[in-house]
Amino acid sequence: MAALVEWQALGRVTSRGLERRRPTRSDALLCSDFINALLTELTAEMEVEGSRPSAAISS
């Protein structure tokens, strides 16, 4: 989550180490749009994959 917050805040991820801390509500707000989009895309991909016949199942 730290890298995502850094990317949202600075527009890049630096190579410096970060101290460990508990996520805050501000962190959640910064990440929520990305996480929601990720889950939406993942759901769509899973639905498409579910509609295709699996190569592992032979008739």
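Along each chain, residue indices are assigned from 1 in the same order as the chain's sequence is written. Per-residue local features of the predicted model are confined to residues with pLDDT of at least 70, and side-chain atom pairs are confined, for both listing and counting, to 80 or more; whole-chain, interface and lining totals are unaffected and use all residues. Only heavy atoms go into the side-chain values, all of them from the structure, while hydrogens and water stay out.

A.B. asks: Quick question: what am I supposed to make of the overall build of the protein chain here?
C.D. replies: Secondary structure summary: the protein chain contains 2 helices and 0 strands in total. Three labels apply to residues, based on accessible area from a 1.4 Å probe with only protein chains included: buried if under 20% of the type maximum, exposed if over 50%, partly exposed otherwise in between. Looking at the protein chain residue by residue over its 59 residues, the buried ones come to 8%. With the model as given, the accessible surface of the protein chain reaches about 5,500 Å², and the carbon-plus-sulfur share is 57%. In this description a helix means any DSSP run of H or I spanning at least four residues, a strand means any run of E spanning at least two, and both kinds are numbered starting from the N terminus. We get accessible surface area from the Shrake-Rupley algorithm with a probe of 1.4 Å; when it comes to residues, only the shown protein chains can shield them.

A.B. asks: Sorry if this is basic, but what is going on with the side chain of E6 here?
C.D. replies: Checked against the element boundaries, E6 lands in helix 1 (residues 2–10). Counted as positive: Lys and Arg. Counted as negative: Asp and Glu, with His and the chain ends omitted from the count. The salt bridge criterion pairs a side-chain nitrogen of Lys or Arg with a carboxyl oxygen of Asp or Glu, the two atoms within 4 Å. We note that E6 is buried and unpaired, the nearest opposite charge coming from R16 at a distance of 4.8 Å.

This is a description of form; function is not addressed.
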